[in-house]
Amino acid sequence: MNLKERIIKNILFSCALVTALSVVLITIFIFKEGFPIFFKAGLGEFLFGTKWLPTEGYFGIFPMIVGSVYVTIGALLLGVPVGISCAIFLAKIAKPKMANAIRPAIELLAGIPSVIYGFYGLIVIRPIIAKYFSGNGFSILTASIVLAIMILPTIINISEVSIKAVPIEYERDSLALGASRWQTIKRVILPAARNGIMTSIVLGLGRAIGETMAVMMVAGNRPMMPDSLFNPVRTLTSNIAIDMSYATGDHQSALFSTGVVLFVFIMVLNAIVNFIPRKVGE
C-alpha cells in the first residue's frame, strides 16, 4: 500500500471513528441527564403515569407514549397501502415516460421541510377534519394524515427498488404459465420483494415516530389520554420541543428521560430493520 492510499485509508477511518464516537457521546449524555428522574419519580410511574404536571411533581409520560403510538400507527395505515401501490405502479405498470415524470415529484416530496407539511396540515387538512368531524381539527387523525404524506417517499422509493430487483425471469415464467398480470404481481413479485418492502415500512415507521414540528403544529399538544381519533394529543417529540425552552431541574431531567424512551424506540426499530428481512427471507 503506497503513501497516498494509506492517507486516504486513515482519513476514511477517522471519519468513521468520529461518527461512531458522536453516537456514543450523545447516548451517554442523554442517559446521564435522563436517569435521575427514573430513580426519583420511579420508572413505573414515569412510564405509566397519566399526569404530566412537572411544576407539581407529576412526570407521567404514558399519554405521550400512547399519542406517539396512535399517530404513528395511523400514519402507517394510511401511508403504507398508498406507498406500496404507487411503487407497484411505477415499477411494473406505468409507461417509462409517465414513471419518469412522477419520480421527480416524489423526490421533491422528500425534500420539503417538515414545517411546510405542518403548515399545510394546519391550513388545509385541519379545517376539513373540523368541518366534517367533531372537534376543532387538532387531532390524532390530522397528525396521522400529515405523517402519512411525509413517509410516502421513503416507502415508495425503497419498495420500488425492491420490486425492480426481482429477476425478470420470475415474471416471465409466471405469465408463461397462464397467470394474469395482477396475479403475477400479487403472488410472485411482491413475495419476492418482501424484504425490501418490510424495510421501507420500518424506516417509514422510524420517520413517523421521530417527527416533531409537523406533528406539533396539527396534533393539539394536549398531554392527556385520548379516547378518540378526533381528540388532541401530544407526542414524545412534541413534549420535548414544547417544554425544553423553560424546563429546569427535575422537569428538564424528565424531558431527557423522554428522550431516552425515544432513543430506545429508535434502537428497537433499527434492530427490526436488520432482523425482520432475515426472518422473512427464511
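Further up the page is the structure itself.
Residues numbered from 1 in each chain as written. Predicted model: local features only at pLDDT ≥ 70, side-chain atom pairs only at ≥ 80, totals over all residues. Heavy atoms only, no water.

A separate point is the overall build of the protein chain. A count of helices and strands for the protein chain gives 12 helices and two strands. Seen along its three principal axes, the alpha-carbon backbone of the protein chain occupies a region of about 70 × 70 × 35 Å. Looking at the protein chain as a whole, 40% of its 282 residues qualify as buried. Summarising the internal contacts of the protein chain: among those between residues at least 6 apart in sequence, 70% fall at separations of at least 24. Accessible surface computed for the protein chain: about 15,400 Å², of which carbon and sulfur atoms make up 69%. The average position of the 23 basic charges and that of the 14 acidic charges among the side chains of the protein chain differ by 8 Å. (Helix = DSSP H or I, 4+ residues; strand = E, 2+ residues; numbered from the N terminus. Buried < 20%, exposed > 50% of the residue type's maximum accessible area, 1.4 Å probe, protein only. Contact = heavy atoms within 4.5 Å. Areas by Shrake-Rupley, 256 points an atom, 1.4 Å probe, with all protein chains shown as cover. Lys, Arg positive; Asp, Glu negative; His and termini not counted. Charge placed at Lys NZ, Arg CZ, Asp CG, Glu CD.)

Looking at where Ser-238 falls in the secondary structure, it is placed in helix 11 (residues 236-243). A polar contact is formed between the side chain of Ser-238 and the side chain of Thr-235, at a distance of 3.0 Å. Not counting residues within four places of it along the chain, the set of residues in contact with Ser-238 comprises Thr-212, Val-215, Met-216 and Asn-221. (Polar contact = N/O pair within 3.5 Å; in protein donor to acceptor, adjacent residues only side chain to side chain.)

Let's shift gears to helix 6 (residues 140-164). Each α-helix winds once per 3.6 residues, and so residues spaced three or four apart point in a common direction. Compared with an ideal rise of 1.5 Å per residue, which puts 25 residues at 36 Å, helix 6 spans 35 Å between its outermost C-alpha atoms and is within 8% of the ideal. Maximal helix bending in helix 6 amounts to about 40°, located at Ile-151; proline Pro-153 follows within four positions. (Expected span 1.5 Å × (residues − 1). Bend = angle between axes of the 7 residues up to and from the residue.)

Attention now moves to the pattern of salt bridges. For the structure on display, the rule yields eight salt bridges. A salt bridge links Lys-40 to Asp-250; the shortest N-O distance between them is 2.4 Å. Of this pair, Lys-40 sits in helix 1 (residues 3-41) while Asp-250 sits in helix 12 (residues 249-281), placing them 210 residues apart in sequence. Asp-250 sits in the partly exposed class, given a relative accessible area of 30%. Across the pair Glu-171 and Lys-92 runs a salt bridge, and its minimum N-O distance is 3.1 Å. On the criterion of sequence distance, the pair formed by Glu-171 in helix 7 (residues 168-176) and Lys-92 in helix 3 (residues 62-93) is long-range, its members being 79 residues apart. The exposure class of Glu-171 is buried, given its relative accessible area of 10%. Through salt bridges with shared partners, one network takes in Lys-92, Glu-171 and Arg-181. (Salt bridge = Lys/Arg side-chain N within 4 Å of Asp/Glu carboxyl O.)

On the surface, a cluster of nonpolar side chains totalling about 720 Å² of accessible area is made up of Phe-119, Tyr-120, Ile-123, Val-124, Ile-128, Tyr-132 and Phe-133. Its relative accessible area of 40% is what places Phe-133 among the partly exposed residues. (Patch = residues over 30% accessible without salt bridge, like charges linked within 9 Å, V, L, I, M, F, W, Y side chains within 5 Å.)

Where helix 6 contacts helix 9 (residues 194-209), the axes come no closer than 8 Å and their chain directions differ by 155°. In terms of orientation, helix 6 and helix 9 fall into the roughly antiparallel class. The two elements helix 6 and helix 9 meet at a crossing, and its hand is right-handed. In this structure, helix 6 contributes Leu-147, Met-150, Ile-151, Thr-154, Ile-155, Ile-158, Ser-159 and Ser-162 to the contact, and helix 9 contributes Gly-196, Ile-197, Ser-200, Leu-203, Gly-204, Arg-207 and Ala-208. Classifying every residue of the contact of helix 6 with helix 9 gives eight nonpolar, six polar and one charged. (Axes fitted to C-alpha atoms, helices over the stretch in contact; angles between N-to-C directions. Parallel < 35°, antiparallel > 145°, perpendicular 65-115°, else oblique. Left-handed = near helix turned anticlockwise from the far one by under 90°. Nonpolar A, V, L, I, M, F, W, Y, C, P; charged D, E, K, R; others polar.)

The next point concerns the packing of aromatic side chains. Counted according to the given criterion, the structure contains nine aromatic pairs. With a centroid separation of 5.3 Å and 75° between ring planes, the pair formed by Phe-38 and Phe-46 is classed as edge-to-face. A relative accessible area of 0% places Phe-46 in the buried class. Above the face of the Tyr-58 ring, Lys-51 is positioned so that its terminal group lies 4.8 Å from the ring centre. (Phe/Tyr/Trp six-rings, centres within 6.5 Å; stacked < 30°, edge-to-face > 60°. Lys NZ or Arg CZ within 6 Å of the ring centre and 35° of its normal.)

Counting 34 residues, the largest nonpolar core has Ile-84, Val-146, Leu-147 and Ile-163 as the members making the most contacts within it. When contributions to this core are tallied by element, the ones reaching two or more residues are helix 3, helix 5 (114-132), helix 6, helix 8 (181-192), helix 9 and helix 10 (213-218). Looking at this core, the element that brings in the most residues is helix 6, giving nine residues. When neighbours within four sequence positions are excluded, Leu-147 is seen to be in contact with Val-71, Ala-75, Ala-208, Glu-211 and Val-215. Counting residues in hydrophobic clusters, the runner-up holds 17 residues, among them Phe-38, Ile-240, Ala-247 and Leu-255. (Core = buried A, V, L, I, M, F, W, Y, C linked by side-chain atoms within 4.5 Å.)

Now for the packing of helix 3 against helix 6. Here helix 3 crosses helix 6 at 35°, and the two axes come no closer than 6 Å. Judged by the sense of rotation from one axis to the other, the crossing of helix 3 with helix 6 is right-handed. Of the residues contributing to the contact of helix 3 with helix 6, the split by class is 23 nonpolar, five polar and three charged.

With that settled, consider helix 4 (residues 96-111). A rise of 1.5 Å per residue sets the reference length of helix 4, with its 16 residues, at 22 Å; its end C-alpha atoms lie 23 Å apart and thus fit the reference within 8%. Where helix 4 is concerned, the buried positions are Ala-99, Arg-103 and Ile-106. For helix 4, the arc enclosing every buried residue in end-on projection is 65°, short of the 170-degree limit, so these residues lie on one face. Exposed residues lying more than 90 degrees from the buried face of helix 4 are Lys-97, Ala-101, Leu-108 and Gly-111. Buried residues along helix 4 sit in contact with helix 3 and helix 6. (Arc of directions from axis to C-beta.)

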